[in-house]
Amino acid sequence: MKRIAFMWAVCLLSLSFSFATPPALPEFPPLNFKPVKPARTVLDNGLVIYLLEDHELPLIKMDMYFQAGSQFDPIDKIGLGAIFGEAMTYGGSLAHLPEDVEKALDRKAASINFSVGLENGEGSMGCRQEDFDAVFGLFADLVLHPQFRKDQVELAKSKTLESLRRLNDDPDEVARREFRKVMYGAHHPYARIPSPEMINNIRREDLIEAHKRFLRPNGSWIAISGDFQSADMLAKLKNAFGSWAKSDAQWPAISTPVSPTEKHLFYIQRPINQSQIRIGDLGLARHSPDHFAWEVFNELWGGSATSRLFRTVRTELGLAYSVGSGYSEPAEKGLIVAVSQTRGSQTIAAVQAILKITQDLRQAPFTKKEISDAKESIRNRFVENFTSSAQIASYMINLEYFGFPPDYLDTYTNHIGLVSAEDLSRMANTYIHPERTSILIMGDLSTFDKPVATLGKPQEIKLTDYSADSN
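Residues numbered from 1 in each chain as written. Predicted model: local features only at pLDDT ≥ 70, side-chain atom pairs only at ≥ 80, totals over all residues. Heavy atoms only, no water.

Let us now look at the pattern of salt bridges. Following the criterion strictly, the structure yields 32 salt bridges and no others. Here Lys212 makes a salt bridge to Glu209, at a shortest N to O gap of 4.0 Å. Placement of the pair is Lys212 and Glu209 together in helix H8 (residues 204–214), with a separation of three residues, close to one helical turn. For Lys356, the salt bridge identified is with Asp360, shortest N-O distance 2.8 Å. In this pair, Lys356 and Asp360 both sit in helix H12 (residues 347–360), four residues apart, roughly one turn of the helix. (Salt bridge = Lys/Arg side-chain N within 4 Å of Asp/Glu carboxyl O. Helix = DSSP H or I, 4+ residues; strand = E, 2+ residues; numbered from the N terminus.)

Dropping the structure here:
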C-alpha cells in the first residue's frame, strides 16, 4: 500500500510538472465578425423601422430614437430635455391617465420609458409576446398624444431640483462636470448645468411645444426585436404610425469648441479621502478619419488593465487606486482625458507620472505585441456587444441616427486591424499636447505632500451651490 501511495504521489508530481510549461497556443486567423442584419423599412412619412425576429424567448423589445437633445434646451430653460423625458413617461396620454398606464405596466411586468440625452431622444418598451398589443397601444399613444399632466410635470421638476441639490455629493461626478466646464466653458451646450430658476421656469406648454419639434416620423427610428412575425409586426406599426404627419424642425447651431492655447491648472479644495484627477484636451469629433486609430491608441494609453497608464501608475508605482483614459466623440470636438483617483499624499506624484507617461508616448512607440494585444481586446469586446437580437437592432438605429455608414458593423474589425504603428505615432503627435494640457485636481490640499503649485500656476474653482435654498 505504501508503494502504491508513493507511486500515486509521483504521478501527481509528474502531472504538475507537465502543466508548468503549457504548449504554445495555435495561431488563429483575424476575427471577421458580421452580426445579423435586421430588415429595414421606411414608411411613406419617413419613419425608419428595423425588424429582427428572435423566437428563442416569448419576449419583444422596442427601441426608438428621435431627433432631440439637451444641447438644444433654450438658454433660459436649461434642463427642459431632462424634464421632457420624465414627464412624457409618466404624464399620461390622450386615452390613458398616468395611473392607468402605471397599473397596466405593473400587471404585465412590462416597461415603457422616454428620455432625452445630450444629442438625441430615446424611447423604449419591453414586454411578453402575448402582451405586445396592449403595451404597444400605450407606447404609441404616449408617442403621438402625450398629455404632460401638470402634476406629473411638477413632480418631474421636483425630482430634477432634488438632483441639483445633490449635484456636489459625488466627487467623481463633480470632477467630471467641472472638467467639462473647464474645457468647453460653463455656457457651452456640452457643459452647462441648469439653475433652480431655470427648472422652475419650465411650463407644461414648453413641453408640448418641444414634443412638436422632437417627435416627428421623418426624424424618428424604431427597432423591434423578439418573438414576432415580421409581416404582422410591420402591419401593426403602419397602422399605429402610418398616418403620423411629417413636419419640419429647426435646430440651433452648436458652436465649435476652441482648444486651449496654453497649459491650465485648476484645483478644488474639498475634505475628501481620495483625490480626483482629470488631465486632458479637446480631441476628435464624430466621424473623424482618425476614429479607429484613436480607439486603438486609447486602449494602449489608458483604456485597459494592460495599458501604459494602468501598468505604470497603478501596478508598478502604486500611485493610484484607479487610473485610465477615455474619450468622447460628439458632433463637435469631444474630450480626451486621463482619469485617476488616489490618496491625498500621492496626488502630485500621480499627476506627474501621468503627465510623463503621456508625454513619452510622443517619442516612445508601442511594441508590436502591445499593439497586437490591444487590437485583439477591442475586437473581442466589440463582438460582446451583440449577444442578443435586441442589442443588434438597437445598435442599428444608433448608427443610422448618428450618421455612420451602413457597413460600419461589417467593416469594424477590419478597420481596427488595419491600424498601424505609424498611425498610433500620428495620434500621439496630433492629439497629445503637453504644452496646452488642462489639469484639474480635487482633494484635501492639506494632505498633499507637495503644494499644487509644484505643477504650475494654480487657479481655484469654487463649486456652485445648485440647491434652490442657496438662491
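Structure shown, so let's carry the discussion forward.
What follows covers the packing of aromatic side chains. Going through the model one piece at a time under the given rule, you end up with 25 aromatic pairs. For the ring pair Phe132 and Phe136, a centre distance of 5.2 Å and an interplane angle of 10° mean the geometry is stacked. Of this pair, Phe132 and Phe136 are both found in helix H4 (residues 132–144), four residues apart, which corresponds to roughly one turn of the helix. Take Phe132: its relative accessible area is 2%, and that puts it in the buried class. Phe136 sits in the buried class, given a relative accessible area of 6%. Every member of this aromatic cluster is reached through a ring pair, and the members are Phe292, Phe382, Phe386, Tyr395, Phe404, Tyr408 and Tyr412. Residue placement shows Lys159 over the ring face of Tyr90; its charged tip is 5.4 Å from the ring centre. (Phe/Tyr/Trp six-rings, centres within 6.5 Å; stacked < 30°, edge-to-face > 60°. Buried < 20%, exposed > 50% of the residue type's maximum accessible area, 1.4 Å probe, protein only. Lys NZ or Arg CZ within 6 Å of the ring centre and 35° of its normal.)

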